[in-house]
Amino acid sequence: MNVLGVVGAGTMGAGIAQLGAAAGFRTLLHDPVPEALERGAESARRGLAKWVEKGRIKEEAASFLEPVSGLDDLSPCELVIEAAPERADLKRDLFGALSMVCGDEVVLATNTSSIPVTSLASAAARPENVVGMHFFNPPPLMPLLEIIRADQTGAPAMELAEQVGRAMGKEVIVAADGPGFLVNRCGRPFNGEGLRLLQERVATHEQIDRICRLGGGFRMGPFELMDLVGIDVGFEVAKSFEELSFGEPRWRPNPIQARMVAAGRLGRKTGRGYYGYAEDGSYRQDDPEPPSASPTPLALALLGDGPLAAGLRDRARTAGHELREGGPAELVVDAGVLPAERVPGRAPLVALCASSSLAARGETGAVGFHLVPPLDEARLVELTRLPTTQRFACEAAEGLFAGLGFATGWVEDAPGLVLGRIVSQLVNEAAFAIGEGVGSPADVDTGLTLGLSHPRGPVAWSEAIGLDHVLAVLDALWDERHEERYRAAPLLRRSVALGRGLRE
Ligand SMILES: NC(=O)c1ccc[n+]([C@@H]2O[C@H](COP(=O)([O-])OP(=O)(O)OC[C@H]3O[C@@H](n4cnc5c(N)ncnc54)[C@H](O)[C@@H]3O)[C@@H](O)[C@H]2O)c1
């Protein structure tokens with residue numbers, strides 16, 4: 001490949017043109033608006049100059065970039081990537097026109113984030129030469145490129161897109177066409193389940209965000225993220241998912257989004273979203289460091305199998321607690337996915353809320369807890385109680401986890417509490433996507449870590465937590481809510497039944 005065309009010189013197009021020139025392609029950048037073309041070309045040149053300064057590319061790269069004012073000037077291109085406004089009619093017209101200008105052999109790529117590539121491909125003279133090349137913003141910095149195979153796309157077009165993406169230095173993943181492709185689809189539950197938790201008042205938006213940061217290692221929680229992206233933008237995306245899927249219950253927009261938009265609280269850009277923004281952009285306090293481990297040694301019965309129970313047992317032993325297999329204990333922690341048999345006694349019970357909520361478990365005096373392995377990265381334990389739970393049990397649970405070095409946060413009762421529920425839905429969506437052939441397990445994880453900056457991908461989460469734990473949370477939500485959005489993906493259920501992971 002020698003000559004690349006980029007159409008639309010806005011935020012994305014300018015960045016893609018910079019990547020093209022840096023990769024050594026003769027790069028023709030076109031925009032019908034002369035000022036936009038000038039601005040985009042200038043931005044790409046500035047980016048290239050910075051890379052030359054850093055020694056990343058040779059000085060000659062800047063000469064590979066050529067702004068062109070007419071669409072006809074793109075005739076020598078072998079690949080054209082369009083980054084024009086997100087309107088299907090406009091993009092279809094462009095593909096029709098580019099087919100005429102560039103001839104039969106040209107590969108036409110779209111950077112759309114939400115329009116089905118299949119519907120754009122049918123506007124080109126050769127639909128088999130159309131492919132999605134979904135760059136992330138800002139293209140020069142984000143390491144990921146998601147290549148989308150429309151129903152009509154042929155192997156040569158896929159190969160060319162992959163080859164060009166790699167030459168631009170991107171980690172390339174491949175997705176089948178469909179709502180949100182692979183990355184935005186698999187990332188949806190982060191916001192979607194966050195909104196559900198807020199709607200049910202399981203926790204406030206500040207609490208949910210803090211739990212995601214401290215408990216899950218996410219850089220931001222869903223509400224600070226929605227504020228950053230724009231609540232109106234997120235609402236439009238949610239509506240498009242619902243429409244394209246003919247009403248898939250997991251992807252239904254949330255009435256909270258509609259109310260926020262109606263109120264004009266769109267996030268950072270309006271100074272007010274879920275958070276209020278000060279002049280300097282600040283909106284919340286920094287997270288305090290979790291307490292340093294300082295346990296008062298206890299006789300502890302720590303029940304259950306699985307990675308969570310094993311991890312807690314290790315922590316408790318290191319902290320100097322005495323672990324009792326049977327017989328009386330001062331505190332009983334049931335960390336198993338399913339409730340364990342226990343020796344009757346008067347010690348308070350601290351029970352994992354995975355296969356049921358605390359209320360549905362029927363232990364009226366107990367405290368519920370949840371945390372998501374790997375434990376060496378989790379810094380917060382969520383706790384919940386019933387109106388009948390006594391204070392000494394609450395204090396015992398708080399004291400235990402603080403003594404093990406965890407921050408604690410009280411939330412309302414639900415299977416999986418906050419983070420367990422969000423992560424279970426992330427794993428579930430990934431299992432649906434993999435099972436439906438949208439992408440491979442490895443690409444799902446690469447996509448979410450590199451494209452959305454998640455601390456680990458859903459497949460890696462499922463391995464850290466255990467698929468049985470994830471399925472237990474989903475089935476409990478299904479049992480207690482009777483909502484279709486909590487139905488487990490067929491691949492997930494099958495994997496648990498066969499004792500396999502999502503990669504196998
Ligand atoms: N901004 C993002 O975060 C992001 C991320 C991924 C994908 N995308 C997608 O990339 C595309 C471009 O987004 P953007 O943020 O760069 O938009 P933008 O508004 O910054 O740029 C669009 C450019 O297209 C030009 N344009 C207008 N009419 C045109 C036409 N008929 N033909 C060619 N160009 C035309 C405009 O002058 C403008 O310079 C959209 O499809 C968007 O969904 C955006």
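Our structure is the block above this text.
Values in this document were obtained by computation on a predicted structure and should not be read as measured data. (Residues numbered from 1 in each chain as written. Predicted model: local features only at pLDDT ≥ 70, side-chain atom pairs only at ≥ 80, totals over all residues. Heavy atoms only, no water.)

Another aspect to go through is the overall build of the protein. Across its full length, the protein carries 18 helices and 15 strands. For the protein, whose C-alpha radius of gyration is 26 Å, the value lies close to the compact-globule estimate of 23 Å for 504 residues. Counting only C-alpha atoms and orienting by the principal axes, one finds that the protein spans roughly 85 × 50 × 45 Å. Counting only residues that meet the buried cut, the protein has 54% of its 504 residues in that class. Considering only residue pairs separated by 6 or more positions, the protein has 69% of its internal contacts joining residues 24 or more positions apart. In the form shown here, the protein has an accessible surface area of approximately 21200 Å², with 50% of it arising from carbon and sulfur atoms. A distance of 4 Å separates the average location of the 50 positive side-chain charges in the protein from that of its 67 negative side-chain charges. (Helix = DSSP H or I, 4+ residues; strand = E, 2+ residues; numbered from the N terminus. Rg over C-alpha atoms; globule rule 2.2 N^0.38 Å. Buried < 20%, exposed > 50% of the residue type's maximum accessible area, 1.4 Å probe, protein only. Contact = heavy atoms within 4.5 Å. Areas by Shrake-Rupley, 256 points an atom, 1.4 Å probe, with all protein chains shown as cover. Lys, Arg positive; Asp, Glu negative; His and termini not counted. Charge placed at Lys NZ, Arg CZ, Asp CG, Glu CD.)

Here the focus is the side chain of Glu82. Examined against the element boundaries, Glu82 turns out to sit in strand E4 (residues 79–82). Only 2.9 Å separates the side chain of Glu82 from the backbone nitrogen of Ala84, close enough to count as a polar contact. Contact partners of Glu82, with chain neighbours within four places excluded, come to Val7, Lys91, Leu94, Phe95, Ala109, Thr110, Asn111 and Thr112. (Polar contact = N/O pair within 3.5 Å; in protein donor to acceptor, adjacent residues only side chain to side chain.)

What follows deals with the environment of Leu65. Position of Leu65 among the secondary structure elements: in strand E3 (residues 65–68). The exposure class assigned to Leu65 is buried, which follows from its relative accessible area of 7%. On a C-alpha basis, the gap between Leu65 and Asn191 in space is 39 Å, while along the polypeptide they are 126 residues apart. With residues near it in sequence (within four places) discarded, Leu65 still touches Ala17, Ala21, Thr27, Ala41, Ala44 and Arg45.

Attention now moves to unusual backbone geometry. Note that the residue after Asn137, namely Pro138, is joined by a cis bond; omega there is -5 degrees. Tracing the backbone through its elements, the reader meets Pro138 in the loop between strand E6 (130–135) and strand E7 (144–149). Of note, the bond from Pro373 into Pro374 is cis; its omega dihedral lies within 30 degrees of zero at 5 degrees. Counting through the fold element by element, Pro374 comes out in the loop between strand E13 (367–370) and strand E14 (380–385). For Leu417, which is not a glycine, the phi torsion comes out positive at approximately 45 degrees. Here Leu417 shows up in the loop between strand E15 (407–410) and helix H14 (419–435). Using a relative accessible area of 0% as the deciding quantity, one classes Leu417 as buried. At Ser453, a residue that is not glycine, the phi angle is positive and equals roughly 60 degrees. Tracing the chain through its elements places Ser453 in the loop between helix H15 (441–452) and helix H16 (458–465).

On the surface, Leu228, Val229, Val233 and Val237 cluster together into a nonpolar patch covering about 290 Å² of accessible area. Going through the elements one at a time, helix H8 (222–229) and helix H9 (231–244) are the ones with two or more residues in the nonpolar patch. Turning to its location among the elements, Val237 is positioned in helix H9. Relative accessible area serves as the criterion here: at 35%, Val237 is assigned to the partly exposed category. (Patch = residues over 30% accessible without salt bridge, like charges linked within 9 Å, V, L, I, M, F, W, Y side chains within 5 Å. Salt bridge = Lys/Arg side-chain N within 4 Å of Asp/Glu carboxyl O.)

A few words now on the pairing of E4. The two faces of E4 match: Leu79 and Ile81 on one face and Val80 and Glu82 on the other face are all buried. As judged from the four bridges shared by strand E1 (residues 3–7) and E4, these two strands associate in the parallel manner. Its bridge partner being in E4, Leu4 is matched across the sheet by Leu79. Bridge count for E4 against strand E5 (residues 107–110) is four bridges, and the pairing is parallel. Bridging across to E5, Glu82 finds its partner in Thr110. (Pairing = 2+ DSSP bridges.)

The next thing to look at is the packing of helix H17 (residues 467–481) against helix H18 (residues 490–498). The interhelical angle for the contact between H17 and H18, taken along N-to-C directions, is 130 degrees, at an axis separation of 10 Å. One element, H17, and the other, H18, form an angle in the oblique class. For the element pair H17 and H18, the recorded crossing hand is left-handed. Residue-level inspection shows Leu467, Asp468, Val470, Leu471, Leu474 and Asp475 of H17 in contact with H18, the latter providing Leu492, Arg493, Ser495 and Val496. (Axes fitted to C-alpha atoms, helices over the stretch in contact; angles between N-to-C directions. Parallel < 35°, antiparallel > 145°, perpendicular 65-115°, else oblique. Left-handed = near helix turned anticlockwise from the far one by under 90°.)

Summed over the entire model, instances satisfying the criterion amount to eight aromatic pairs. Geometrically, the ring pair formed by Phe241 and Trp251 is edge-to-face, given 5.3 Å between the ring centres and 80 degrees between the ring planes. Of the two residues, Phe241 sits in helix H9 while Trp251 sits in the loop between H9 and helix H10 (255–262), which places them 10 residues apart along the sequence. For Phe241, a relative accessible area of 3% gives the class buried. Look at Tyr275 and Tyr283: their rings are 5.0 Å apart centre to centre, the planes differ by 75 degrees, and that puts the pair in the edge-to-face class. Here Tyr275 matches Tyr283 in class, with each residue buried. Feature note: the residues Phe190, Phe218 and Trp461 constitute an aromatic cluster, connected by ring pairs. One residue, Arg56, lies across the ring of Trp51, its end atom 4.2 Å from the ring centre. (Phe/Tyr/Trp six-rings, centres within 6.5 Å; stacked < 30°, edge-to-face > 60°. Lys NZ or Arg CZ within 6 Å of the ring centre and 35° of its normal.)

Turning next to the pairing of E1. Each regular strand shows side chains that alternate between the opposite faces of the sheet. Most of E1 is tucked away, with five of its five residues classed as buried. The alternating pattern of E1 places Val3, Gly5 and Val7 on one face and Leu4 and Val6 on the opposite face, and all of these are buried. Summarising the sheet, E1 and strand E2 (residues 26–30) pair through five bridges and their orientation is parallel. Residue pairing in the sheet places Val7 in a bridge with His30 of E2. For the crossover that starts at E1, traverses helix H1 (residues 11–22) and ends in the parallel E2, the hand is right-handed. (Right-handed = clockwise from strand over helix to strand, strands pointing away.)

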